[in-house]
Structures are given as C-alpha cells and as structure tokens.
Amino acid sequence: MSSDTQSHLARGLKNRHIQMIALGGAIGTGLFYGSAASIQLVGPGIIVSYIVGGFVMYLIMRMLGEMSTEEPVAGAFSHFAYKYWGEFAGFLAGWNYWFLYILVSMAELTVVGIYVAYWFPDFPAWATSLIVLVTITVLNLINVRMYGEMEFWFALIKVLAVIGMIVLGLVLIVFGLGGEATGISNLWSHGGFFPNGIWGLLLSLVVVMFSFGGTELIGITAGEADDPKKSIPQAIKQVMWRILIFYIGALTVMMIIFPWNQVGMEGSPFVTIFSKLGIGSAANILNFVVLTAAISVYNSGIYSNGRMLYSLAEQGNAPKLFTKLGANKVPYVAVLFSSACTLVVVVINYLIPEGAFMQVMAVATTAATITWVMIVLVHMKFRKAHAADAGKLTFPAPFYPIANYFCIAFMAVIILMMTQMDSMRDAVYVLPIWLVVLYIGFTVRKRVQAKAATA
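Keep in mind the model is a prediction, meaning the values are calculated, not measured.

Calculation criteria
Residues numbered from 1 in each chain as written. Predicted model: local features only at pLDDT ≥ 70, side-chain atom pairs only at ≥ 80, totals over all residues. Heavy atoms only, no water. Axes fitted to C-alpha atoms, helices over the stretch in contact; angles between N-to-C directions. Helix = DSSP H or I, 4+ residues; strand = E, 2+ residues; numbered from the N terminus. Parallel < 35°, antiparallel > 145°, perpendicular 65-115°, else oblique. Contact = heavy atoms within 4.5 Å. Nonpolar A, V, L, I, M, F, W, Y, C, P; charged D, E, K, R; others polar. Expected span 1.5 Å × (residues − 1). Buried < 20%, exposed > 50% of the residue type's maximum accessible area, 1.4 Å probe, protein only. Salt bridge = Lys/Arg side-chain N within 4 Å of Asp/Glu carboxyl O. Patch = residues over 30% accessible without salt bridge, like charges linked within 9 Å, V, L, I, M, F, W, Y side chains within 5 Å. Areas by Shrake-Rupley, 256 points an atom, 1.4 Å probe, with all protein chains shown as cover. Core = buried A, V, L, I, M, F, W, Y, C linked by side-chain atoms within 4.5 Å. Phe/Tyr/Trp six-rings, centres within 6.5 Å; stacked < 30°, edge-to-face > 60°. Lys NZ or Arg CZ within 6 Å of the ring centre and 35° of its normal.

As for the packing of helix α8 (residues 125–142) against helix α15 (residues 332–342)
Remark: α8 packs on α15, axes separated minimally by 10 Å, with the N-to-C direction vectors making an angle of 170 degrees. Between α8 and α15, the interaxial angle falls into the category roughly antiparallel. On α15, the residues touching Leu133, Thr137, Asn140 and Leu141 of α8 are Tyr332, Val335, Leu336, Ser339 and Thr342. Each residue belonging to the contact of α8 with α15 can be placed in one class, and the counts come to 5 nonpolar, 4 polar and no charged.

Here it is as structure tokens:
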C-alpha cells in the first residue's frame, strides 16, 4: 500500500483535531470510573503508576510517530507491519486493532444507554444506543473535518471537566472552603504511600495501561492530517504531557482530599469532590461528563475502525469493497460495516449477563497489549530497513533499541499481572485462541486468493 493510494483520503485534520482525537480516546472511563479500582490496588501510589505507564506509552507513541511522520498513511501500524514484517503481521495488526475497537465501541454504546436512563428512566436503553449509533455514524460519513470538529468539542468537555476538578480540589486543599484546609497528609496517613507494597503497584499497572489505550489513534489520523510531518510530531509531544497532567493532576488531588481506602465506597471519586464543595447537582454534572466521554470514545471508534478496514482492504487482507470512497473522500463502506457490527451490542445486552460482558472487555485489554507490542517490534524492523538514512529521519524515537526492549519487557509484566487478577485471568487464556483464529483467517484468505489467481 503506497502513500499515493492513501492520498485519496481527504487531508482535513488540523493539529488541534489530532490532539483532541488522542485525548478523547484516552481520557474516558478509565479516569472517570476505572481509577477507583486501581486506587484500591495501590493507594496513593497510583500517582507513580500513572507516571510509569505514561512514560512507557510515550516511548511507544514516539515509535509510532517516527513511522507515521515518514510515511503518513491510514491504518498506520497495520500498514507498517505489512510492509516491514510481512503479510501475516499486517493481517494480525489490522484485524486485532479493528476487533479491539469494536469491543470498546460496543461497551461505550452500552453505557450511553445507562447514562441517559439516569435522567429518563422510562426511555429504553437500547433505543438510546441506537440513536447515538445512527447519529455518530451519519456525522462520520459527512467528511473527516466533521469528525474532527465533533471530537474536538467532545474531548474539550472532558478536558475542561478534569481541569475543573483539579482547580476545585486545590481550593479544598489550600483554603478548605467552609471548613479546615485538607492538607496533604492523606498521601501517607492510611497505611503509607504504597499500602500494598510493590505487588499492589504492579497489579495497578494493568488498569492504568488500559486507561492509556486510545493514544495510538494519532497514528491512525496520519493519512488525513493536512501537514503530517509537522502536525504528528507536535500532537505526540503535546498530547502526552497533557494526558499526564490530567491524570496525575486529577488523581493527586483525589489522593490528597480523600482517604484512598474510602474511594469507591461512597460513589465516584469525582462526585466526592463536588459533594465536598456542597454542589447539589454533582451527580448531574458528572453524568453529563461521562455521557460525553462515552459518545466521544464511540466517535473515535467508528472513525478508527473505518480507516483500519480501508487499510486492510488496500493490503488485500479485507474485501476490496472497503476501499470505496464517497464524494467527500470518506471510506463509507468501511465506516458503515464497522457501525453495523457495533449494533450487535443491542442483542448482547439481552443475552449476556453484565459479568460476562466485562470478561469480553478484559479480552479487549489483551488486544490492546498485542497492538502495543506489535508497534514496538515493527518499529525495530522499520529502523533496520532505514539503517542507511537513520540520521535523516524527521522525528526519530529516542533510546532505540533499548527503549524497544524495555517496552516489550514491560508488556510481558502486564500480561503476567493479568494472570494474577480474577477479572483478567480468563482473557489471557483466550489470547492464544484469538491468535489462532487470526492465523486461520489469514490462511483462508491466502487460499482464496490463490484460487482466484489460477482461475
């Protein structure tokens, strides 16, 4: 798949769009609700967990950024895996990522119905999900600039909400607002900074890394960035430190204001801050923010899945039908197919209990790990292929190849830690089965192509 082919996609995404797309994918359920689970594992040490996880993600994003800047194509790492590693690697990378975001999209579509039911309990959740699905899909079909604008404003609401939490939290810490100033003693007064030791820190990294999922969307946008050699490096540099500030800033304030061992026992940590400030509409404000967050992630999911299918079709790893573009240069067939797949969530809500569905989401975590490991490995092959002109790379990743080996070892630890968690263990066992399914799919595709060639 060449860059020339990719030029058929409209380059309508500005730097501000690309930054917010990555922010929108990464700041969501993991921060607003998932943080409570990770805090219970590690206590105030969650601050360190996010610093470590953020550093690893930064290294991986720099590797993807290096490749995407040199070859700005849709599908990003699937294209690079296909070109620099081989046909099966491209097939695996693309379909695994597509499957991951189908699962994530289905989950977000489900919670949208739950959030709306908070205000309108008599309105069926499946109808809410269907309305959001149709609306977001139609808007994605208009043009890529429309998607970028939607995601910009969706993500902006989340970002402003987090900033508001940090500011209000600092007011509590310093001034008290109607009571005594909180101080910072909660960071060590309830069993210490690491109440569950290093083991708790390692377990928390599993939840933390899932929270960072979505930042790799920057690479997906490369094929439609208006000036990729400038906007991709800018977006990666800026978005990572912003994510760290939002996560670490918000969670540090949480850990200072409220005893870590009470988080999750009196509702969402974010509701707690609003309640402490005496804001009666705390639940409504939070519900609006998490609803926006869910729609934002679904929006990003439909966008990325459409582009990934387009890339797979260009490689010959998916039906050529998915390469069809509308007059607005949007791969409408790929977008519609991905949207239709998420429609299955309506049936799943009826047939599968909530606990089983969460097991499916655990599989999504392992799929994310596969994606990150493949980015690291493909980057090593990319560097070997460009060994002669390595000094001319526009945006070279730092610490190569030490950073690559470090990231691989880190992901191995994440998989190992998942086997120690009841909610994640089954997903690890499903991982080899999923890889076998992909290999069978690849083999079938090769045989079909071989028959077509000899026909």
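The rest of the description comes next.
Observations concerning helix α7 (residues 87–119)
Between its first and last C-alpha atoms α7 spans 49 Å; for 33 residues at 1.5 Å apiece the expected length is 48 Å, and the two agree. Burial analysis of α7 places 25 of its 33 residues in the buried class, the great majority of the element.

A short note on the pattern of salt bridges
When their charged atoms lie close together, side chains carrying opposite charge are able to pair. Under the criterion given, the structure shown has 5 salt bridges. The partner of Arg383 in a salt bridge is Glu66, and the shortest N-O contact between them spans 2.9 Å. Linking Arg383 in helix α17 (residues 354–385) with Glu66 in helix α5 (residues 46–70), this pair joins segments that are 317 residues apart in sequence. The same class applies to Arg383 and to Glu66, which are both buried.

A few points about a nonpolar patch on the surface
On the surface, Tyr118, Trp119, Phe120, Phe123, Ile131 and Phe288 cluster together to form a nonpolar patch covering roughly 630 Å² of accessible area. Considering the arrangement of structural elements, one finds Phe123 in the loop between α7 and α8.

Brief notes about the nonpolar core
Of all hydrophobic cores here, the largest spans 125 residues; its most connected members are Ile46, Ile60 and Met209. Examining the composition of this core, we find that 17 residues originate from one element, α7, more than from any other. For Met209, the residues in contact, after removing those within four places along its chain, are Gly53, Val56, Met57, Trp372, Phe410, Met411 and Ile414.

A look at the environment of Gly191
Examined against the element boundaries, Gly191 turns out to sit in the loop between α9 (144–174) and α10 (197–212). By relative accessible area, Gly191 is classed as exposed at 59%. It is 8.7 Å that separates the C-alpha atoms of Gly191 and Gly43, two residues lying 148 residues apart in sequence.

What about the packing of aromatic side chains?
Tallied over the full model, the rule gives 15 aromatic pairs. On the numbers, 4.9 Å between centres and 20 degrees between planes, the contact of Tyr50 with Tyr247 is stacked. Residue Tyr50 is located in helix α5, and its partner Tyr247 is located in helix α12 (residues 228–257); the two are separated by 197 residues in the primary sequence. Since its relative accessible area comes to 0%, Tyr50 is described here as buried. On the basis of relative accessible area, Tyr247 is assigned to the buried category, the value being 0%. Every member of this aromatic cluster is reached through a ring pair, and the members are Phe88, Phe91, Trp95, Trp98, Phe322, Phe337, Tyr439 and Phe442. Positioned above the aromatic ring of Phe395, the side-chain terminus of Arg62 is 4.1 Å from the ring centre. Over the ring of Tyr400 we find Arg383; its NZ or CZ atom is 4.7 Å from the centre of that ring.

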